[in-house]
Amino acid sequence: MAKDGGCSGLCATCLLCLYSCRWRRSGKGLSTSKCDCAWFFFLLGVCLFTLAWLYLALITLNDFHNLNEFIFRKTEWWLDWSLVMLSGTATLATYASVLLVLALGLQLCRQPLKLHWLHKSLLILAVLAVAAAFVGVEIQWASQWESAHISLQATGPFLHIGAVVGMTLLAWPVADCFYRTSRSALRIPLLLLYLGSVFALYLAPLGIDSPCFLEHSQLPPKPALFGHRGAPMLAPENTLMSFQKAANCGVSAWETDVLVSADGVPFIMHDETLIRTTNAEEVFPVLARSSASAFNWTQLQQLDAGSWFVQNPPFPTARSLSRDDLILAKAQRILSLTQLLGEAERHNMAVMFDLRPEEDPQYQHLVNITVAAVLQSGISPELILWLPEQFRDQVKKQAPGFRHVYKRKRLSNETEAPLRVNLPYQNLSTAEIREYRQDNISVNLYVVNAPWLFSVLWCAGASSVTTNTCHVLQGMERPLWLLPRATYQMIWIVTDCVSFLLIAWAFLLLKRWSRRKEPAGSDSDVLLTKIHSLLAE
């Protein structure tokens, strides 16, 4: 073993090579300067910053398909941008974390922290890239902040335990740095900063809450599943195959969107153009970018509504379909509302749809055509969950059997409170969901794809969720975790106590070791004597 803190010569040399791009270990005259210390703390900040962005990036996966569609509308170029974001974020977080580990290794090997200029440049670029990503979320996708807040209800208890473990592991290098630093002006702030962070972390569970702090007997019934455009991860969205796949998943309702063709036929389509989900550019190259409602039904029936799903898979699951499913997907055509309702009646399936575009000056005419098509289809009116807000009173008179779903929270001044609401999951807190449930108001939240999010809403008491992942959520027999509050409090206390004992052991052990290495009357002994006397007073 070498004399430099117990590290082997080869180990110290490798650390220096990777961190400082130097092959030779330092002599006694070379030490870590204040500038080097500042770069170390900058590195620590970059590591935490990139990890925070990685966490947010993982949270956005629940809604990332919406962003992919938004980018397609702007560029007409389809790509699963989540893969780009995650790979880039993981690279930055890994790079910063590896550098931090190297720095801690050098500290234990008693080598100076001379960060190479290339690493400094890359860390600055990493900070700028992550900061730009955060700004982009704030400008274009601010709802994800609420998603992150909800996610902490699912991950908070486990993040706390992980953070306590991480701070406990840092006790050794922090203690080593404390005893080896001769200047009290640096030692005291370092110790106070570390201990302050530790004790703040110990008390963090006072601010952690989750609807899943429940006894198993208190767990509400599992939310029903609404198939978002059918089962778009298993088949081309809004096609007969997609709705059949959703029915096989055991969904309670199909959620979709209805447009009306130029000759007055209501049909199923989400986008206001046909470019993304059909081969309109091949069949009608001149009219392809026109509004979907500008096509008549005969033209719409000429389009292939399934091959795009195989050629440019919107979800990774599309690549794992069987040969028969791929052949079936390529044979899909645009559905009329009447065809969809006939299939719904065959499955005894409820149907909820938006009527688009809402800004159309002839919207009342579109409502009348759609209501007439529903009534003529012969489907039971109770299976229709009417969602469009405009001309709702008129619809109630024309079709009194429809079940009405509202896109708003209940209002304190309204005389007739809604019995069913359909809202983005970010718009209702878990406390509001529980209040709605107590008042017998059915709450459907959209779009819920991630099991962690479904688990939180299940514990909170949501009635149903609209999802792209019915094949995943169908198999969940209970939330991802369910923990009585008293049990979590016990875990919290035990974790904190064990951490405190390990940190104290690290400081005491290194104190004894440093006394053996240092001559009597050293600055370290004098400083420790002063601290002990102050504590005694």
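Within each chain, residues carry numbers counting from 1 in the order of the written sequence. Only residues with pLDDT of at least 70 get local features here, since the model is predicted, and only at 80 or more are side-chain atom pairs given and counted; chain-wide, interface and lining totals rely on the full set of residues. To get the side-chain values, all heavy atoms of the structure are used, and hydrogens and water are removed first.

**Student:** Account for the side chain of Glu237, with residues named and values stated.
**Tutor:** One can find Glu237 in the loop between β1 (224-228) and α9 (240-248). By the criterion applied in these results, polar contacts are pairs of N or O atoms within 3.5 Å in which, for protein atoms, one can donate a hydrogen and the other can accept it, and in which residues neighboring in sequence qualify only through two side-chain atoms. In this structure the side chain of Glu237 is engaged in a polar contact, spanning 2.8 Å, whose partner is the side chain of Arg276. In what follows, residue pairs with any heavy atoms lying within 4.5 Å of each other are defined as contacts. Not counting residues up to four positions away in its chain, the partners in contact with Glu237 are His65, Glu69, Arg229, Pro232, Ser242, His270, Arg276, Thr277 and Trp308. Helix and strand assignments follow DSSP, with helices taken as H or I runs no shorter than four residues and strands as E runs no shorter than two, numbered in order from the N terminus.

**Student:** Can you tell me about the packing of aromatic side chains, naming the residues and giving the values?
**Tutor:** Centres within 6.5 Å make a pair out of two Phe, Tyr or Trp rings, where for Trp the six-membered ring is used; the pair is then stacked when the planes are under 30 degrees apart, edge-to-face when over 60, and tilted otherwise. Taken as a whole and assessed by the stated rule, the structure comprises 23 aromatic pairs. Note on Trp386 and Phe402: the rings are 5.8 Å apart at their centroids and 20° apart in plane angle, and the pair reads as stacked. Of this pair, Trp386 sits in strand β5 (residues 384-386) while Phe402 sits in the loop between α16 (392-398) and β6 (403-404), placing them 16 residues apart in sequence. Only protein chains enter the area calculation, which uses a 1.4 Å probe; residues under 20% of their type maximum are buried, those over 50% are exposed, and those in between are partly exposed. Residue classification places Trp386 among the buried residues on the basis of a relative accessible area of 0%. On the accessibility criterion, Phe402 (5% relative accessible area) is buried. Three or more aromatic residues joined by ring pairs form one cluster here, namely Phe49, Trp53, Phe134 and Trp145. In this scheme, the term charge over a ring applies when either NZ of a lysine or CZ of an arginine sits within 6 Å of the ring centre and within 35 degrees of the ring normal. The ring centre of Trp308 lies 5.8 Å from the NZ or CZ of Arg276, which sits over that ring.

**Student:** Explain helix α3 (residues 64-75) residue by residue, including any values.
**Tutor:** Take the number of residues in a helix, subtract one, and multiply by 1.5 Å to get its expected span. With 12 residues, α3 ought to run about 16 Å at 1.5 Å a step, and its terminal C-alpha atoms sit 16 Å apart, in line with that. Taken together, the buried positions of α3 are occupied by Phe64, His65, Leu67, Asn68, Glu69, Ile71 and Phe72. Those residues of α3 hidden inside the fold are in contact with α2 (34-60) and α4 (81-108). Looking one or two places after α3, you find Glu76, whose phi comes out positive at around 60°.

**Student:** Can you lay out the pairing of strand β8 (residues 442-446) for me, pointing to particular residues and giving the numbers?
**Tutor:** Pairing between strands requires that DSSP locate at least two bridges from one strand to the other. Both strand β7 (residues 420-424) and β8 contribute to a ladder of five bridges, which runs parallel. For Leu423, the partnering residue across the bridge sits in β8 and is Leu445. A crossover gets the label right-handed when its path from the first strand over the helix to the second runs clockwise, viewed with the strands pointing away from the viewer. Running through helix α17 (residues 430-438), the crossover from β7 to the neighbouring parallel element β8 is right-handed. In the sheet, β8 pairs with strand β9 (residues 464-467) via two bridges, with the strands oriented parallel. Bridge assignment links Asn444 to a residue of β9, and that residue is Ser464.

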